[in-house]
Amino acid sequence: MLKPRRRGIASVNAEIRDGIVPAAGALTPARDPGGPETSGPNYRVVALIVASALFMEFVDATVLATALPTMARDFGVRAQDMSIALTSYLLALAIFIPASGLLADRFGSRTVFRTAIALFMIGSLACGQAPTLELIVLARFVQGMGGAMMIPVGRLVLLRSVAKHDMVNAMSWLLVPALIGPIVGPPLGGFIVTFLDWRWIFYINLPIGLVGLWLVTRYIANFKEEEVAPFDLSGFMLSGVSLGCLLFGFEMASRAGEGLLALALIIIGTIAGVLYIRHAKGREGAILDLTLLKDKTFRLSVIAGSVTRITQGAQPFLLPLMMQVGFGFTAARSGTITVATAVGSLAMKAAAPRVLRRFGFRRTLIWNGVIATAGYATCGLFSPSWPTWAMFGILAFSGFFMSLQFTAYNTIAYDGIEQRQMSSATAFYSTFQQLMLSLGICVAAVALHLAMLIHGSGHATLGDFSAAFWVVTAISLAATIWNMRFAHDAGAEISGHSASHEDAGEAEAAKG
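This write-up is about the structure you can find in this document. (Residues numbered from 1 in each chain as written. Predicted model: local features only at pLDDT ≥ 70, side-chain atom pairs only at ≥ 80, totals over all residues. Heavy atoms only, no water.)

## Considering a nonpolar patch on the surface
Rule in force here: The patches reported here contain residues having more than 30% relative accessible area and no salt bridge. Joining distances are 9 Å for like charges and 5 Å for nonpolar side chains (Val, Leu, Ile, Met, Phe, Trp, Tyr). Here, Shrake-Rupley sampling with a 1.4 Å probe gives the accessible areas, and only protein chains in the shown set may cover a residue. Salt bridge, as used here: a side-chain nitrogen of Lys or Arg that lies within 4 Å of a carboxyl oxygen of Asp or Glu. Numbering of helices and strands runs from the N terminus; a helix is a DSSP stretch of H or I covering at least four residues, while a strand is a stretch of E covering at least two.
A contiguous nonpolar surface patch, about 480 Å² in accessible area, is contributed by Phe191, Phe195, Leu196 and Trp200. Mapped onto the secondary structure, Phe191 falls in helix α6 (residues 167–195).

See the structure below:
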């Protein structure tokens with residue numbers, strides 16, 4: 001009896017979803033449900049089109065992080081209270097990403113992609129016009145609704161057009177242009193805040209969005225599925241209430257006098273989460289398919305990646321605040337230093353395939369995870385007396401290794417997932433990705449607030465920022481526990497890694 005071929009499919013990143021197909025004949029169609037044997041010659045073109053949307057999102061996020069202290073002064077709130085402007089956006093992503101694939105299947109990929117870009121532009125315009133913190137939080141939520149559809153709906157086509165052995169290379173083609181956004185963002189944000197008005201950080205999205213609309217109209221076909229599963233409205237509402245209440249409950253916990261409201265939100269979110277689990281258990285077509293967690297590799301990637309993202313979510317929030325509030329740096333100087341993490345991430349992309357081929361996924365995740373987390377923990381030692389080059393170097397070092405960590409997580413996650421489950425798997429993974437990035441901001445804000453309370457200070461001091469960095473990195477270090485549980489040969493077909501005698505010996509010992 002022949003054994004079915006294992007669907008060893010790597011994700012382009014954790015937000016891949018069903019949706020776009022290129023203009024007629026641009027890509028070689030898949031020859032079987034598991035993906036093509038050879039890559040289409042122009043898959044890089046599709047990757048670059050999707051990357052234009054990534055570029056807009058990443059520029060927006062990194063520019064905003066640099067501008068938070070200045071925006072706080074204009075709104076008359078504490079700098080750390082601005083974390084809700086970041087959280088509301090990520091919350092919208094977590095809520096609406098699960099629905100994006102079904103919308104694309106029903107209404108067409110080009111229609112949904114263009115609508116998403118338009119929503120993002122509308123939200124950006126509203127952010128630029130917002131007179132209060134409450135209104136900018138609402139406008140950021142609208143931006144997040146656009147982002148939730150804009151990115152995921154553009155990705156699964158690469159899985160349909162790229163052979164397994166080209167998958168890591170395809171991921172690099174997709175993410176390299178997108179990584180230019182984080183490199184441009186911090187210094188651009190510092191320049192705008194220092195010499196112009198912070199509202200221009202949102203207006204710059206408008207011309208980028210117009211270019212994206214043209215590219216989608218020109219190159220993306222309006223692909224629709226003939227048979228679309230019924231929309232899980234009950235599951236969507238329960239998951240949305242759970243995610244929303246939990247995130248804003250943690251967010252409120254970092255604010256003075258909001259303890260009861262925070263507790264109420266967390267309780268409601270927990271109850272809604274339990275009800276969703278009961279709703280989704282054994283249900284076909286659930287908006288977040290819990291049966292995916294039966295796959296060991298997927299489950300470990302979700303858990304370990306989620307814990308690691310606590311640090312990744314907290315870092316863009318803590319660093320600009322520490323440098324501008326704790327060190328007294330200008331926004332422009334802060335931006336030129338924090339850009340180092342993006343520089344390190346970009347440098348990693350060329351090295352990722354070779355590292356994974358040499359060491360395999362398990363070893364890379366274990367040791368690289370410790371190195372990356374230790375690098376970010378070192379940020380807690382920063383002080384105004386540190387030379388700029390030293391801080392830049394440590395951040396570039398940390399960005400390099402943390403980017404490698406997420407490249408490995410996002411690639412290995414789908415190794416054992418069947419093609420028919422890919423849409424559900426990417427929705428599930430993307431939702432948890434955004435949820436944990438949001439939670440990272442919340443944990444950082446809570447840690448900062450508690451440190452201030454312990455010191456009895458009305459404003460954040462350098463020691464408070466150090467404590468917050470060490471709290472979030474200590475949490476992320478716990479991911480090592482789950483990284484050690486990956487199989488020794490996990491993802492070998494993707495990475496091309498051949499298990500050494502040492503690996504084989506360790507594997508036999510583990511079985512024994």
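## Comments concerning the packing of aromatic side chains
The condition that has to hold: Under the pairing criterion, centres of Phe, Tyr and Trp rings, with the six-membered ring standing for Trp, must be within 6.5 Å; the plane angle then separates stacked pairs below 30 degrees from edge-to-face pairs above 60, leaving the rest tilted. Per-residue accessibility, obtained with a 1.4 Å probe over protein chains only, is compared with the maximum for each type, and a residue is labelled buried under 20%, exposed over 50%, and partly exposed between these values.
A full pass over the atoms with the stated rule returns 13 aromatic pairs. Taking 4.7 Å as the distance between ring centres and 55 degrees as the angle between the ring planes, the aromatic pair formed by Phe397 and Phe401 counts as tilted. Separated by four residues within a single helix, Phe397 and Phe401 lie in helix α14 (residues 388–412), roughly one turn from each other. You can call Phe397 partly exposed: its relative accessible area is 38%. Under the relative-accessibility criterion, Phe401 is labelled buried at 18%. Grouping aromatic residues by their ring pairs yields a cluster made of Phe75, Trp198 and Phe202.

## Overview of the layout of surface pockets
The method is simple in principle: a probe with the dimensions of a water molecule rolls over the atoms, and the space it marks as empty is what remains. What counts is decided by this rule: Residues are said to line a cavity or pocket when one of their atoms sits within 4 Å of a point; the points come from a 1 Å grid over protein atoms alone, cavities being sets where a 1.4 Å probe fits but cannot get out and pockets being open sets with protein on both sides within 12 Å along at least five of seven lines. Grid points are joined across faces, edges and corners, and a volume is the space filled by probe spheres set on the points. Three categories are distinguished: nonpolar for Ala, Val, Leu, Ile, Met, Phe, Trp, Tyr, Cys and Pro, charged for Asp, Glu, Lys and Arg, and polar for the others, with Gly belonging to the last.
One number sums up the size of the second largest pocket: a volume of about 360 Å³. Taken together, 19 residues line the second largest pocket, and the ones lying closest to its centre are Ser242, Leu243, Leu246, Gly273 and Phe432. The set of elements that each furnish at least two residues to the lining of the second largest pocket consists of α9 (233–253), α10 (259–280) and α15 (422–455). Split into classes, the residues belonging to the lining of the second largest pocket amount to 13 nonpolar, six polar and no charged.

## Here we look at empty space enclosed by the protein
Applying the stated criterion across every chain, the model contains three cavities of 30 Å³ or more. Its boundaries defined by the atoms lining it, the second largest cavity holds a volume of some 50 Å³. Considering the residues around the second largest cavity, the lining is formed by Thr308, Gly369, Val370, Thr373, Gln405, Tyr409, Ser476, Leu477, Ala479, Thr480 and Asn483. Secondary structure elements with two or more residues in the lining of the second largest cavity: α13 (340–377), α14, α16 (462–477) and α17 (479–483). Its residues placed into classes, the lining of the second largest cavity shows four nonpolar, seven polar and no charged.

## A word on helix α3 (residues 109–129)
Helical periodicity: at 3.6 residues per turn, an α-helix aligns residues three or four positions apart in one direction. What counts is decided by this rule: Given the number of residues in a helix, its expected span is that number minus one, multiplied by 1.5 Å.
The end-to-end C-alpha separation of α3 is 30 Å, in line with the 30 Å expected for 21 residues at 1.5 Å each. Within the sequence span of α3, burial applies to Ser109, Val112, Phe113, Ala116, Ile117, Phe120, Met121, Gly123, Ser124, Cys127 and Gly128.

The quantities given are spatial measurements derived from coordinates; they are silent on function.
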